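A look at the structure
The lines below spell out each chain.
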Amino acid sequence: MFPDVIIKKATQLSTPLPIWLKNTLVTVCFLALAYVSSAILLKHTGAENNSALVFTLAVACISLLSTGYIPGIIASLISAVAINYFFMFPFSQFTLTLTGYPVAFLSFLCIACIVSALTTRVKLQAAEAIRREQRTRALYEMNQKLTEEKKEIELEAARESIRSNILRAVSHDLRTPLTAISGAASVLLESEENKSPQNHYLVQDIKENADWLTAMVENLLSITKIQQADMHLAKTPEVLEEVVGDALMKIRKRFPDYNITLTLTDELLILPMESMLITQVIMNLLENAIRHSDDRDYIELSISRRDNRAAVTVSDRGRGIPTNILQDIQNGRQLPLDRSGDSSRGMGIGLSACQGIIQAHGGLFFADNRPEGGAVFRFELPLETEAEEHVG
């Protein structure tokens with residue numbers, strides 16, 4: 001404990017002096033103090049050999065407060081010479097000719113050097129112990145922090161699992177009555193008894209809202225499915241043109257007043273996919289274009305090949321994509337479920353589902369605003385040959 005206290009106090013009192021200057025000042029000060037103390041003792045007691053003890057203590061203090069072994073060794077040499085010259089008979093004269101003086105000189109020099117080396121080593125060991133204590137404390141605090149973060153992550157994962165399970169259960173329960181409502185509304189629209197314009201408008205609004213809620217429920221179910229850690233897509237080779245055609249037929253049935261142009265490639269594109277999910281992606285993008293487009297005559301759906309990938313593009317001449325959503329998509333960040341984009345329905349959850357489904361298929365999802373106005377969404381999926389090479 002004693003060296004630790006001295007080291008800490010010396011550190012607190014230390015100044016930004018160069019090491020060599022600090023060592024010099026410490027050595028000179030303690031040797032001068034030892035000389036003055038020995039002179040006073042010699043004057044009052046006449047016991048000249050007490051100076052050896054005083055200078056030994058000075059060497060120990062110098063070794064303790066200086067840096068390295070050199071100051072202590074130099075102080076030992078100076079102390080041996082000073083004792084012989086100032087405090088041993090004949091005074092003020094250096095001599096080794098008297099009996100016992102060489103042995104005394106060499107003995108003191110060895111003892112002083114040993115004390116210096118041991119003191120320096122103790123100081124270094126104390127400093128190393130302090131550093132180890134600090135490292136241990138830092139590691140302990142880091143371990144505590146990591147443990148807390150792990151608990152928070154596990155708790156959040158448990159909450160997310162519960163939230164997903166509840167969301168999935170509610171979505172399943174909602175899908176059946178919504179389908180029934182949409183079917184009943186369709187029957188009423190085709191009924192001969194429902195010829196009132198007001199009733200027709202109300203029933204049409206009921207059907208549109210029921211269809212939108214059904215689509216949102218499907219998106220929520222897809223999101224909860226792809227977020228499962230053990231989720232495995234049941235991919236099978238599918239002809240992309242057939243999947244696109246199926247999605248387009250369903251959209252045209254729901255929105256017969258919108259003109260959607262389809263552009264196909266000359267070659268047959270076969271992709272490993274879960275066709276139901278990819279159909280849902282295409283329907284989401286088309287519905288997004290319909291709901292956010294002011295032009296009923298221009299919505300374009302096209303299929304193309306980009307190297308070893310098949311691309312599906314949906315473009316419109318609507319209001320475009322909000323900046324915050326566009327930046328997240330372009331940077332590849334997962335869209336949050338609570339982001340709606342604007343006051344119009346259909347932007348947030350639908351795009352989150354699209355992005356998650358495409359990423360789960362190993363594909364790429366892009367979005368941009370057209371210079372002349374409107375939005376462009378494109379996703380790319382690996383062709384069957386590339387997917388097989390990737391698996392192999």
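These remarks concern the structure in this document. All of these numbers come straight from a predicted model, not from anything done at the bench.

This paragraph deals with empty space enclosed by the protein. Under the criterion given, the structure shown has 1 cavity of 30 Å³ or more. By volume, the largest cavity is sized at about 40 Å³. Lining the largest cavity are 10 residues; nearest its centre among them are Asn288, His292, Asp316, Gly320 and Ala375. Its residues assigned to classes, the lining of the largest cavity comprises 4 nonpolar, 4 polar and 2 charged.

With the rule as written, the count across this model stands at 7 aromatic pairs. With 5.6 Å between their ring centres and 55° between their planes, tyrosine 35 and phenylalanine 87 make a pair best called tilted. Taken as a pair, tyrosine 35 in helix H2 (residues 19-45) and phenylalanine 87 in the loop between helix H4 (70-86) and helix H5 (101-190) lie far apart in primary sequence, 52 residues in all. Phenylalanine 87 sits in the buried class, given a relative accessible area of 2%. Taken together, a centroid distance of 6.3 Å and an interplanar angle of 35° make the contact between phenylalanine 365 and phenylalanine 377 tilted. Residue phenylalanine 365 is found in strand E6 (residues 364-369), and its partner phenylalanine 377 is found in strand E7 (residues 375-382); the two are separated by 12 residues along the sequence. Look at phenylalanine 365 and you get buried, because its relative accessible area is 9%. Cluster of aromatic residues (ring-pair linked, three or more members): Tyr35, Phe55, Tyr85, Phe86 and Phe87.

With that settled, the discussion passes to the nonpolar core. For soluble globular proteins, the rule of thumb is that nonpolar side chains tend to be buried together. Among the nonpolar cores identified, the biggest contains 43 residues, and Ile282 and Phe379 are the most heavily contacted of them. Sort the elements by how many residues they give to this core and helix H8 (residues 275-291) lands first, with 9 residues. Setting aside residues up to four positions removed in sequence, phenylalanine 379 forms contacts with Ile278, Val281, Ile282, Leu285, Ala310, Ala311, Val312, Ile358, Leu364 and Phe365. Residues Val26, Leu31, Ala75 and Tyr101 belong to the second largest nonpolar core, which totals 20 residues.

Definitions and cut-offs
Residues numbered from 1 in each chain as written. Predicted model: local features only at pLDDT ≥ 70, side-chain atom pairs only at ≥ 80, totals over all residues. Heavy atoms only, no water. 1 Å grid on protein atoms, 1.4 Å probe; cavity = no way out; pocket = protein on both sides within 12 Å on 5 of 7 lines; lining within 4 Å. Points joined across faces, edges and corners; volume = space filled by probe spheres on them. Nonpolar A, V, L, I, M, F, W, Y, C, P; charged D, E, K, R; others polar. Phe/Tyr/Trp six-rings, centres within 6.5 Å; stacked < 30°, edge-to-face > 60°. Helix = DSSP H or I, 4+ residues; strand = E, 2+ residues; numbered from the N terminus. Buried < 20%, exposed > 50% of the residue type's maximum accessible area, 1.4 Å probe, protein only. Core = buried A, V, L, I, M, F, W, Y, C linked by side-chain atoms within 4.5 Å. Contact = heavy atoms within 4.5 Å.

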